[in-house]
Amino acid sequence: MRDFDEFTITRAVIDRFADTPDPRLRQVMTSLVRHLHDFVRDVDLSFAEWQQAIAFLTRTGQMCDAHRQEFILLSDTLGVSMLVDAINHRMPEGATETTVLGPFYVKEAPELPNGADIAGPLEGTPLLVTGSVASAGGGMLAGATVDVWHADEDGAYDVQQLDALGGLAGRARFRTDAEGRFHFWTIMPAWYPIPDDGPVGDMLKAAARHPNRPAHVHFMIAAEGHETLITHVFAADSPWLDSDAVFGVKNSLIAEFAAHPAGPAPDGRRMERPFRHLAYDFGLKPVRTRD
């Protein structure tokens, strides 16, 4: 068949994928073509709009580099990241809920001992973070790795200002002790806008959407025999909890970053100025094994 119209072309394209050896790829491509063609017909897409969409995706790719992933931002702001997360993380009772990874995770975070201060040159209200890691429905997990990272008091991440900071700050990797606990010092993160100087920002402005995220600390926690947990803990007193630009907030992930006056801190350190304290216990989902 050579003469395709707006209705027959969809079947023709799907048929071209019929011999795809990988059955999962065949399923995905067939569904993608069907839904994409239905979308084009549904909105009666004009040629100018199609060109604009191609230009938008091109600019999205051009904004990506080693420290910025504009396609992740696009996925986040369209709710796709959280949809994929929800489908892939149906959690049992006792397991901490997941949320988006975000574009600022760094694999090479320094590993530090419990109690370390990860703020480096960052200035702000001191924040003590204490927590524990347990198996959902089971015991505490010793030796679990706990990656943490967060924005500074101006809402910027270290990778957005590496030259000014002289390197990474506000991020590190810890290991839980024999009782499954960890703790560290840093500064209180602020709410912030996602990078909106690129095509994703242009989309948000065109839709009259704000780019803001509530204040939070990122956690990635891994332990043998358990699914790796990727989540945030959000400050209960932060704005934007009900309109997070990337749809990442869940009620169970909102916690008090309790304010304390100068004096002794829960870890025994004496603070000369007021500080905040986040205490949060995490549960990991065990990996099912076949007998």
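Structure's up top.
Cut-offs applied
- Counting starts from 1 at the beginning of each chain's written sequence and moves along it residue by residue.
- Two thresholds apply to this predicted model, a pLDDT of at least 70 for residue-level local features and 80 or more for giving and counting side-chain atom pairs, whereas whole-chain, interface and lining totals are computed over all residues.
- Only hydrogens and water are removed before side-chain values are computed, so all heavy atoms of the structure are retained for them.
- A run of H or I in DSSP counts as a helix once it spans at least four residues, and a run of E counts as a strand once it spans at least two, with each numbered from the N terminus.
- For every residue, the accessible area obtained with a 1.4 Å probe (protein chains only) is divided by the maximum for its type, and the residue is called buried under 20%, exposed over 50%, and partly exposed between those limits.
- By definition, residues are in contact when any of their heavy atoms lie within 4.5 Å.
- For accessible areas, the Shrake-Rupley method is used with a probe of radius 1.4 Å. Any residue's cover is judged against the shown protein chains and nothing else.
- Whether two strands pair comes down to DSSP finding at least two bridges between them.
- Our arc is simply the arc of the directions from the helix axis toward the C-beta atoms.
- Two N or O atoms form a polar contact when they lie within 3.5 Å of each other; inside protein one atom must be a possible hydrogen donor and the other a possible acceptor, and for residues adjacent in sequence the pair counts only when both atoms belong to side chains.
- Orientation is described by axes fitted as lines to C-alpha atoms, over the contacting stretch for helices, and by angles from 0 to 180 degrees between their N-to-C directions.
- In this scheme, roughly parallel covers angles under 35 degrees and roughly antiparallel covers those over 145, while 65 to 115 is roughly perpendicular and the rest are oblique.
- Put simply, a patch holds well-exposed residues, over 30% relative accessible area, that have no salt bridge, with like charges counted together within 9 Å and Val, Leu, Ile, Met, Phe, Trp or Tyr side chains within 5 Å.
- Counted as salt bridges are all cases of a side-chain nitrogen of Lys or Arg within 4 Å of a carboxyl oxygen of Asp or Glu.
- Under the convention used here, Asp and Glu are negative, Lys and Arg are positive, and both His and the chain ends fall outside the count.
- Every charge is mapped onto a representative atom, which is NZ of Lys, CZ of Arg, CG of Asp or CD of Glu.
- Stacked, tilted and edge-to-face pairs are distinguished by plane angle, under 30 degrees for stacked and over 60 for edge-to-face with tilted covering the rest, among Phe, Tyr and Trp rings (Trp via its six-membered ring) whose centres lie within 6.5 Å.

Undergrad: If you had to explain the overall build of the chain to someone new, which residues and values would you point to?
TA: Looking only at helices and strands, the chain features seven helices and 13 strands. The principal-axis extents of the C-alpha atoms in the chain amount to approximately 80 × 50 × 35 Å. Sorting the 291 residues of the chain into buried and exposed places 43% on the buried side. Long-range contacts, defined as pairs at least 24 residues apart, comprise 71% of the intrachain contacts of the chain with a sequence gap of at least 6. Here the chain displays about 16000 Å² of accessible surface, and carbon together with sulfur accounts for 54% of that area.

Undergrad: Before we move on, could you go through the sheet that holds strand 9 (residues 254–255) and cite the residues and values that matter?
TA: If you trace the five strands from one edge of the open sheet to the other, you get 3-2-7-8-9, paired in mixed fashion. The open sheet has two free edges, formed respectively by strand 3 (171–175) and strand 9, since each of these has just one partner strand. Where strand 7 (residues 216–222) meets strand 8 (residues 229–235), six bridges bridge the pair, whose relative direction is antiparallel. Counterpart to H216 in the pairing with strand 8 is F234.

Undergrad: Pulling in residues and values, what's your account of the pairing of strand 4 (residues 181–187)?
TA: Counting buried positions over the seven residues of strand 4 gives five, a clear majority of the element. Of the pairings in the sheet, the one linking strand 1 (residues 126–135) to strand 4 comprises seven bridges and is antiparallel in character. Considered in strand 4, the bridge of P126 is made with I187.

Undergrad: Please give an account of helix 4 (residues 70–77) that cites residues and values.
TA: The periodicity of an α-helix, 3.6 residues per turn, causes residues three or four places apart in sequence to face the same way. Among all positions in helix 4, only E70, L73, L74, D76 and T77 are buried. Buried residues of helix 4 fall within an arc of 165° about the axis and therefore sit on the same side. In the core, the buried residues of helix 4 are packed alongside helix 3 (47–62), helix 5 (80–88) and helix 7 (199–206). Where helix 4 begins, one side-chain oxygen reaches toward the backbone nitrogen of F71, 2.9 Å away; that side chain belongs to Q69.

Undergrad: Go over the side chain of S81, please, and point to the residues and values.
TA: Positionally, S81 belongs in helix 5. In contact with S81, other than residues within four places in its own chain, are I72, S75, D76 and V100.

Undergrad: I'd like to hear about the pairing of strand 13 (residues 275–284), residue by residue, with values.
TA: A large share of strand 13 lies buried, amounting to eight of its 10 residues. Both strand 1 and strand 13 contribute to a ladder of nine bridges, which runs parallel. Its bridge partner lying in strand 13, A134 is registered against G283. When strand 10 (residues 257–260) meets strand 13, the two strands line up antiparallel, connected through four bridges.

Undergrad: How would you sum up the packing of helix 3 against helix 4? Please name residues and give values.
TA: A pair of packed helices can be characterised by two numbers: the angle between their axes and the separation between those axes. Packing of helix 3 against helix 4 leaves a shortest axis separation of 7 Å and a crossing angle of 125°. Put simply, helix 3 runs oblique to helix 4. Contact residues: F56, L57, T60 and G61 in helix 3; E70, F71 and L74 in helix 4.

Undergrad: Provide a residue-level description of a negative patch on the surface, including the pertinent values.
TA: Together, D5, E6, D44 and E49 give the surface a local cluster of negative charge. Here D44 lies in the loop between helix 2 (23–43) and helix 3. Residue classification places D44 among the exposed residues on the basis of a relative accessible area of 65%.

Undergrad: Give a detailed account of the packing of aromatic side chains, specifying residues and quantitative values.
TA: Centre-to-centre distance and the angle between the planes together describe a pair of aromatic rings. Summed over the entire model, instances satisfying the criterion amount to 12 aromatic pairs. Seen in terms of ring centroids, F182 and F184 are 6.5 Å apart; in terms of plane orientation they differ by 15°. Their pairing is stacked. Like F184, F182 is buried. A centroid spacing of 4.8 Å and a plane angle of 55° characterise the contact between Y280 and F282, whose relative ring orientation is tilted. Just as Y280 is buried, F282 falls in that class too.

Undergrad: Which residues make up the environment of G61, and what are the values?
TA: Mapped onto the elements of the fold, G61 is located in helix 3. Measuring from C-alpha to C-alpha, the distance between G61 and I230 comes to 25 Å, with 169 residues separating the pair along the chain.

Undergrad: Could you give me a rundown of the pattern of salt bridges, with the residues and numbers involved?
TA: Throughout the structure, instances matching the rule amount to 12 salt bridges. The partner of R41 in a salt bridge is D38, with the nearest N and O atoms 2.9 Å apart. Residue R41 and its partner D38 are both found in helix 2; the two are separated by three residues, about one turn of the helix. By relative accessible area, R41 is classed as partly exposed at 27%. Judged by relative accessible area, D38 falls into the partly exposed class, the value being 38%. With its nearest N and O atoms 2.7 Å apart, the salt bridge here joins D197 to R68. With a gap of 129 residues between them, D197 in the loop between strand 5 (192–193) and helix 7 and R68 in the loop between helix 3 and helix 4 connect regions that are remote in the sequence.

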